[in-house]
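A closer look at the structure
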Amino acid sequence: MDEVKYPVLTEKSIRLLERNQYTFNVDSQSNKTKIKNWIEHFFDVKVIAMNSYRLPEKGGKRGSMIGHPIRCKRVIITLRTGDSIPLFSEQ
(Lines give C-alpha, C1' and ligand atoms only; values in the text may rest on other atoms or scores of the structure.)
Protein backbone atom coordinates (compact mmCIF):
# COMPACT_ATOMS: atom_id res chain seq x y z
CA MET A 1 0.00 0.00 0.00
CA ASP A 2 1.34 3.42 -0.92
CA GLU A 3 1.43 5.91 1.93
CA VAL A 4 1.65 8.95 -0.35
CA LYS A 5 -1.30 9.58 -2.66
CA TYR A 6 -0.06 12.53 -4.74
CA PRO A 7 1.86 15.83 -4.51
CA VAL A 8 -0.10 19.00 -3.87
CA LEU A 9 0.49 21.98 -6.16
CA THR A 10 -1.10 25.12 -4.74
CA GLU A 11 0.23 28.66 -4.42
CA LYS A 12 1.45 27.93 -0.91
CA SER A 13 3.10 24.62 -1.82
CA ILE A 14 4.91 26.20 -4.78
CA ARG A 15 6.18 28.95 -2.46
CA LEU A 16 7.41 26.27 -0.03
CA LEU A 17 9.43 24.57 -2.79
CA GLU A 18 11.88 27.49 -2.59
CA ARG A 19 12.62 26.47 1.02
CA ASN A 20 13.08 22.79 0.05
CA GLN A 21 9.68 21.84 1.50
CA TYR A 22 7.32 19.50 -0.35
CA THR A 23 3.60 19.00 0.20
CA PHE A 24 1.79 15.68 -0.28
CA ASN A 25 -1.64 14.25 0.39
CA VAL A 26 -1.30 10.93 2.18
CA ASP A 27 -3.49 8.12 3.45
CA SER A 28 -5.49 9.30 6.47
CA GLN A 29 -4.50 6.20 8.48
CA SER A 30 -0.76 6.74 8.01
CA ASN A 31 1.42 8.07 10.80
CA LYS A 32 4.49 10.30 10.50
CA THR A 33 6.98 7.48 10.96
CA LYS A 34 5.51 5.43 8.10
CA ILE A 35 5.35 8.45 5.81
CA LYS A 36 8.92 9.52 6.61
CA ASN A 37 10.30 6.03 6.02
CA TRP A 38 8.36 5.71 2.76
CA ILE A 39 9.56 9.10 1.43
CA GLU A 40 13.18 8.42 2.39
CA HIS A 41 13.16 4.95 0.82
CA PHE A 42 11.22 5.77 -2.36
CA PHE A 43 12.93 9.08 -3.26
CA ASP A 44 16.33 8.36 -1.63
CA VAL A 45 16.36 11.62 0.36
CA LYS A 46 16.77 12.59 4.02
CA VAL A 47 13.73 14.10 5.77
CA ILE A 48 14.71 16.52 8.55
CA ALA A 49 11.23 17.79 9.53
CA MET A 50 7.61 16.97 8.87
CA ASN A 51 4.33 18.70 9.69
CA SER A 52 0.96 17.04 9.12
CA TYR A 53 -2.65 18.09 9.40
CA ARG A 54 -6.07 16.84 8.38
CA LEU A 55 -7.95 18.78 5.76
CA PRO A 56 -11.25 20.30 6.94
CA GLU A 57 -14.44 18.37 6.28
CA LYS A 58 -16.70 19.59 3.54
CA GLY A 59 -20.34 18.76 4.11
CA GLY A 60 -22.70 18.23 1.30
CA LYS A 61 -25.75 16.49 0.03
CA ARG A 62 -25.37 13.73 -2.51
CA GLY A 63 -28.76 12.47 -3.57
CA SER A 64 -30.72 11.46 -0.48
CA MET A 65 -27.55 11.09 1.63
CA ILE A 66 -26.05 13.85 3.72
CA GLY A 67 -22.47 13.26 4.77
CA HIS A 68 -18.84 14.05 4.53
CA PRO A 69 -16.41 12.74 1.93
CA ILE A 70 -13.41 10.76 3.12
CA ARG A 71 -10.75 13.14 4.36
CA CYS A 72 -7.09 12.72 3.71
CA LYS A 73 -4.07 13.98 5.57
CA ARG A 74 -1.65 16.54 4.19
CA VAL A 75 2.04 16.61 5.10
CA ILE A 76 4.69 19.25 4.54
CA ILE A 77 8.14 17.66 4.41
CA THR A 78 11.43 19.53 4.80
CA LEU A 79 14.41 17.87 3.16
CA ARG A 80 18.11 18.10 3.90
CA THR A 81 19.96 20.81 1.95
CA GLY A 82 21.00 19.44 -1.42
CA ASP A 83 18.23 16.82 -1.61
CA SER A 84 15.23 17.24 -3.89
CA ILE A 85 12.21 15.31 -5.13
CA PRO A 86 11.44 15.44 -8.86
CA LEU A 87 7.74 16.29 -9.05
CA PHE A 88 7.55 16.23 -12.84
CA SER A 89 9.36 13.92 -15.20
CA GLU A 90 11.47 15.73 -17.77
CA GLN A 91 10.88 14.69 -21.38
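Residues numbered from 1 in each chain as written. Predicted model: local features only at pLDDT ≥ 70, side-chain atom pairs only at ≥ 80, totals over all residues. Heavy atoms only, no water.

An unreviewed UniProt entry lists the protein chain under the name Large ribosomal subunit protein uL23c, from Pinus ponderosa. You can read under Function (unreviewed entry) in the UniProt record for the protein chain the words "Binds to 23S rRNA." As stated in UniProt under Subunit (unreviewed entry), the record for the protein chain gives "Part of the 50S ribosomal subunit." (UniProt positions renumbered as here; feature names shortened; annotations may be inferred.)

We now examine the packing of aromatic side chains. Inspection of the entire model under this criterion finds 4 aromatic pairs. Pairing Phe-24 with Phe-43 gives two aromatic rings, centres 6.3 Å apart and planes at 25°, and the pair type is stacked. Residue Phe-24 is found in strand S2 (residues 21-26), and its partner Phe-43 is found in helix H2 (residues 32-43); the two are separated by 19 residues along the sequence. With centroids separated by 4.7 Å and ring planes inclined at 10°, the aromatic side chains of Trp-38 and Phe-42 adopt a geometry described as stacked. Here Trp-38 and its partner Phe-42 are both found in helix H2, 4 residues apart, which amounts to about one turn of the helix. Residue class for Phe-42 comes out exposed when judged on its relative accessible area of 56%. (Phe/Tyr/Trp six-rings, centres within 6.5 Å; stacked < 30°, edge-to-face > 60°. Helix = DSSP H or I, 4+ residues; strand = E, 2+ residues; numbered from the N terminus. Buried < 20%, exposed > 50% of the residue type's maximum accessible area, 1.4 Å probe, protein only.)

Formed by 14 residues in total, the largest nonpolar core has its most connected members in Phe-24, Ile-39, Val-75, Ile-77, Leu-79 and Ile-85. Non-local contacts of Ile-77, meaning those with residues more than four positions away in its chain, are made with Asn-20, Gln-21, Tyr-22, Phe-24, Ile-39, Val-47, Ala-49 and Met-50. (Core = buried A, V, L, I, M, F, W, Y, C linked by side-chain atoms within 4.5 Å. Contact = heavy atoms within 4.5 Å.)

The backbone phi angle of Asn-20 is positive, close to 60°, even though this residue is not glycine. Exposure remark for Asn-20: the relative accessible area of 16% places this residue in the buried category. Despite not being glycine, Asp-44 shows a phi value in the positive range, around 55°. The class for Asp-44 is exposed, based on a relative accessible area of 67%.

Time to look at the sheet that holds S2. Hydrogen bonding along the main chain pairs the strands of a sheet, whether they run parallel or antiparallel. The sheet built from 4 strands is open, its strands ordered S1-S2-S6-S3 with antiparallel pairing. The open sheet has two free edges, formed respectively by strand S1 (4-7) and strand S3 (47-54), since each of these has just one partner strand. Adjacent strand axes in the sheet meet at a mean angle of 30°, parallel and antiparallel pairs treated alike. Examined bridge by bridge, S1 and S2 share 3 bridges and lie antiparallel to one another. Among the inter-strand pairings, Tyr-6 is bridged to a residue of S2, identified as Asn-25. (Pairing = 2+ DSSP bridges. Axes fitted to C-alpha atoms, helices over the stretch in contact; angles between N-to-C directions.)

We now examine the pattern of salt bridges. All told, the structure shown has 2 salt bridges when counted by the stated rule. The shortest N-O distance in the salt bridge between Glu-40 and Lys-46 comes to 3.9 Å. The class for Glu-40 is buried, based on a relative accessible area of 18%. Put simply, Arg-80 and Asp-83 hold a salt bridge, and the shortest N to O gap is 3.2 Å. (Salt bridge = Lys/Arg side-chain N within 4 Å of Asp/Glu carboxyl O.)

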